[in-house]
Amino acid sequence: MQNQQVYDELVSKFEAKWGAKPEIVAYAPGRIEVLGNHTDYNEGYVFSAAIDKGTFFAVSKSEGTTCSLTAADLMETVEFDISDVKPVKEMTWANYVLGSFNWLFDGKTADAKYGFKAMFLGNIPLGAGLSSSAALEMCTLLALQKMYGIEKDKTETAKIGQKAEHTFAGCPCGLLDQASSLYGKAGALVKSDFRYNTFENVSLGEGVAFMMVKSNAKHALVDGAYASRRQACEDAAKYFASILRKPVTHLRDVTMAEWVLYRGGLSETTAKRAVHPIGEDERVLQGSELLDKGDLKGFGALMYDSHESSRNWFENSCEELDAIVDAAKAIPEVYGARLSGGGFGGSCCLLVDPTAADKIASQISREYKAQFGDEPECQLINPSDGAHLV
Ligand code: GLA
């Protein structure tokens, strides 16, 4: 479904349920991660982009203190009072909205004085690693900020969404997904520096686009694998802080040369985990120079290296994602390919010549099908504008 259709369907379902159009509608896109995997919580660098698919959140004030929230695709509704906002165990999609509302008011939601009637609908494929959850948080926050007259800048807004993930959804994520959804710009990448939380738009150039290839492998970041990777990175940073004669708070502070020299003091697994974000930081910085020179092939080669690092060191890939990247390597119109986001399933992000999109999609689908029996979903993606009120 196109964005306009999603918006129309949402507004008409909202009107059918509450007898009037919503007072406020906000939109927030999903994101692709282009280079820099698991670097955000290590205070490193990432290239990402907001995509042309997202979620719309429609809301009006309610008369009393009750809130009603409907997922328009499922037509499931969760109701709660502003004085009783806590995570739910069923209809867990509501936790992204509940958590966002909760932290927008710093945990004091009774201060909101009145409740809301809300409904949301989106077109980001779920479980694809395209951050549908961050998109829901960001459109919720933009709409509720407007309704309650609360002003927050983009970085503050991203952090509220992140806190909702940590405390209401149980995923100890970094800030990448939320920031990409807010700072995205049409035709450009978002270059993030998560030590200083600075976000810059870098033009991608002409004649190039991304293709997302969604594997059918499960992608769930709340089941412990993401958290254990994050923990290993933090353990490694503590070790390097104890051994290097310079300040180290995160793996951002450790160079590849230092890792090579001192890795012997880490367990084999922790050493493997640590080298991934260290290498990714170097690749993003190198990639930035290549993009400035318009060297898309060079940039794409770094994407392939990034995937190898995921496959061998961080072990957050899987055979389905590896098969997509391997198939991509044989196609000259693909410049680079790698897993995108948390990993363990989800999607690969390919840098492609868009005029060859059909050929690329059919070749990859054919090879994937021969191996796994079903077809991956391939979609051309143009970097798009970030979240906004509609
Ligand atoms: C998920 C998390 C992000 C980031 C990526 C990996 O998308 O939500 O914060 O850590 O994985 O780069």
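My aim in this report is to walk through the structure given alongside it, one point at a time. All values derive from a computational prediction rather than experimental measurement.

The subject of this paragraph is the packing of helix 2 (residues 94-104) against helix 3 (residues 132-148). A pair of packed helices is captured by two measures, namely the crossing angle of their axes and the spacing between those axes. The interhelical angle for the contact between helix 2 and helix 3, taken along N-to-C directions, is 40 degrees, at an axis separation of 9 Å. By the angle between their directions, the pair helix 2 and helix 3 is classed as oblique. Note on packing geometry: the crossing formed by helix 2 with helix 3 is right-handed. Of helix 3, the residues touching helix 2 (which contributes Y96, V97, S100, F101 and L104) are S133, L136, E137, T140, L141, L144, Q145 and Y148. When grouped by side-chain class, the residues that make up the contact of helix 2 with helix 3 number eight nonpolar, four polar and one charged.

Here S306 lies in helix 9 (residues 296-314). Of the residues examined, S306 reaches a relative accessible area of 1% and is grouped as buried. Not counting residues within four places of it along the chain, the set of residues in contact with S306 comprises L35, H276, E280, R283 and R338.

A few words now on the nonpolar core. Counting 76 residues, the largest nonpolar core has I32, F57, F101 and F116 as the members making the most contacts within it. With 10 residues, the top contributor of residues to this core is helix 3. With near-sequence residues (within four places) excluded, F116 lies in contact with V59, S60, K61, S62, T66, C67, S68, F80, F101, L144, M147 and Y148. In this structure, M211, L350, A357 and Y368 belong to the second largest nonpolar core, which totals 23 residues.

So, how was this worked out
Residues numbered from 1 in each chain as written. Predicted model: local features only at pLDDT ≥ 70, side-chain atom pairs only at ≥ 80, totals over all residues. Heavy atoms only, no water. Axes fitted to C-alpha atoms, helices over the stretch in contact; angles between N-to-C directions. Helix = DSSP H or I, 4+ residues; strand = E, 2+ residues; numbered from the N terminus. Parallel < 35°, antiparallel > 145°, perpendicular 65-115°, else oblique. Left-handed = near helix turned anticlockwise from the far one by under 90°. Contact = heavy atoms within 4.5 Å. Nonpolar A, V, L, I, M, F, W, Y, C, P; charged D, E, K, R; others polar. Buried < 20%, exposed > 50% of the residue type's maximum accessible area, 1.4 Å probe, protein only. Core = buried A, V, L, I, M, F, W, Y, C linked by side-chain atoms within 4.5 Å.

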